[in-house]
Every structure is written in structure tokens, then in C-alpha cells.
Amino acid sequence: WTILGRVGVVHSSTTIRTIYKYMKAMLSAPAAERNKEPILAVLRASVKTERTLQALEISSGTGQHVTHFAKALPNIIWQPSEYDQQSMASIEAYRAHYQLRNVKPVLHLDASLPHQYWGGIQPQSLDLVVNINMMHISPFACTEGLFKGAGAVLKHQGLLLTYGPYAENGQITPQSNIDFDYSLRQGNPEWGLRDISLLSSIAQKNGLLMERIIDMPANNKCLLFRKESLV
């Protein structure tokens, strides 16, 4: 159903303007459209479905991922978050479009800041943290903040899932990822593919242990980290 379909007969010009404002705000990323189903398959295989879970998506982008996951996994209460204002507006437009009860209003979140600045999310309150295609297009402080924050807000045995292109043991493959990394660093020296061994080391310092590395389409990977200890 579209927003118009949900509203039914519209009598107010104000209502019409509101509807089209949301529709105009809805951004669409082709990569998100392609990878949302493969990532969902990893989530299905990695999280419990018989009880209510609390999840935070850090850097929710357009809102395509969180709404897709929420429709497919109704037992998970999703908290989307973003730093970019235009993306926040898009996420809210997707929420208005799909009317999902298990997606909370978007939270403004800077991943480089300590978790105490993450909009009131309490320590050890989450079962799942998801981060998709952020690390390579943000300063390294955001990567460090992601792991420090996830280590704090996840419950014992909670899961951090990250997705994107990565280096492994100092090497980047295939050539398309080498070219991608080069173009990122040319545009912004603080950007670039992060090495899995370095991420694993940062994770361990924050009570998170690497559980699985899953090869994904288009030379990407899902990294699964389990909260094993309190730090």
C-alpha cells in the first residue's frame, strides 16, 4: 500500500501536502535495495525470533534497511539512528509510509561520541546493534565509537552485526575493492576500507568477540561480534 492508499479519501489540502512531503523525502539507495535481503538472511539465522528483542541500527541511511528488517522480523523493536539530517528525514518518511509499530522515531546519533550521548540508550539494554556501510565512509573515530558504544549498550550475549567491504590481514581483494578504497581515500584521507583484524582487536577491548565472518554478494562481508564480557 502507498501512503495515499493508507489514508484513503483525502479531503484536506494540508493532508495532501503532508503526504507528498513524506514521499519527496523518501530517498532510495540502489545498494541498499540490493543488499537488504541478503543481510536479512544473516539476521534471520543469527537472532532469536520467539521473544521480543531490542535493536539499534547505527547509521540507518535512507531507512530502507530498518523498515525491511522490521517488516520481516516483527519480534524486534528497532531504533533507527542517523547523523545526517536529510537521511533522518528519509527514515521518518519511510516510517510514515509503512506505519510499522516496531520502528521507533529516528534518533540523531554521532557514532564517534561516547554512548552516554546516544539519546538516552541505557547500558546493557539492547540485544542487537546493526551497522551497515558506515565504517569505510566515515572517520576512524566513528569505527572506534561504534565498538565502544556497542560494547556498552549490548546485553551479555548481545550481537553486533556490521556489513560492508573490508581489508583482511592488510590485503584488499578483489581489484574493484582496491579501486574503491583508493577513490575513497582520494576524496577523504580519513575514509577507506577497515581491516578485519584491527576491528577484531578493537572489539575484544570492548568485550566483543568475533563470532563469524560471512561472505556476501558484491565482495562485501557481514562481521558478527558477540558480547562476551562486561568492560
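As shown above, the structure is provided for reference.
Scope of this entry: the structure provided in the associated data block. (Residues numbered from 1 in each chain as written. Predicted model: local features only at pLDDT ≥ 70, side-chain atom pairs only at ≥ 80, totals over all residues. Heavy atoms only, no water.)

Comments concerning the sheet that holds strand E4 (residues 126–132)
Spatially, the seven strands line up as an open sheet ordered E3-E2-E1-E4-E5-E9-E8, and their pairing is mixed. Every interior strand has two partners, whereas the edge strands, strand E3 (107–108) and strand E8 (208–216), have only one. Where strand E1 (residues 53–58) meets E4, four bridges bridge the pair, whose relative direction is parallel. Paired with Ala-55 across the two strands is Leu-128, which belongs to E4. Sheet strands touched by helix H4 (residues 64–72): E1, strand E2 (76–82) and E4. Its angle to E2, the strand with the most contacts, is close to 180°. (Pairing = 2+ DSSP bridges. Helix = DSSP H or I, 4+ residues; strand = E, 2+ residues; numbered from the N terminus. Contact = heavy atoms within 4.5 Å. Axes fitted to C-alpha atoms, helices over the stretch in contact; angles between N-to-C directions.)

Description of the packing of aromatic side chains
Overall, the coordinates contain three aromatic pairs when judged by the stated rule. Both rings, one in Phe-69 and one in Trp-78, keep their centres 5.7 Å apart while their planes meet at 40°; by these two values the pair is tilted. Side by side, Phe-69 and Trp-78 carry an identical accessibility label, which is buried. Between Tyr-94 and Tyr-98, the aromatic rings sit 6.3 Å apart at their centres with planes inclined by 20°, giving stacked as the arrangement. In this pair, Tyr-94 and Tyr-98 both sit in helix H5 (residues 85–98), four residues apart, roughly one turn of the helix. Residue classification places Tyr-94 among the buried positions, given a relative accessible area of 7%. Judged by its relative accessible area of 24%, Tyr-98 is partly exposed. (Phe/Tyr/Trp six-rings, centres within 6.5 Å; stacked < 30°, edge-to-face > 60°. Buried < 20%, exposed > 50% of the residue type's maximum accessible area, 1.4 Å probe, protein only.)

Side note on the pattern of salt bridges
Under the defined criterion, the tally for this structure stands at eight salt bridges. In this structure, the salt-bridge partner of Glu-168 is Lys-221, at a minimum N-O distance of 3.5 Å. Residue Glu-168 is located in the loop between strand E6 (166–167) and helix H7 (175–187), and its partner Lys-221 is located in strand E9 (residues 220–227); the two are separated by 53 residues in the primary sequence. Glu-168 gets classed as partly exposed once you look at its relative accessible area, which sits at 33%. Overall, Lys-221 belongs to the buried group, its relative accessible area being 15%. Among the ionic pairs, Asp-181 bridges to Arg-185, the shortest N-O distance being 3.0 Å. With Asp-181 and Arg-185 both in helix H7 and four residues apart, the pair spans about one turn of that helix. (Salt bridge = Lys/Arg side-chain N within 4 Å of Asp/Glu carboxyl O.)

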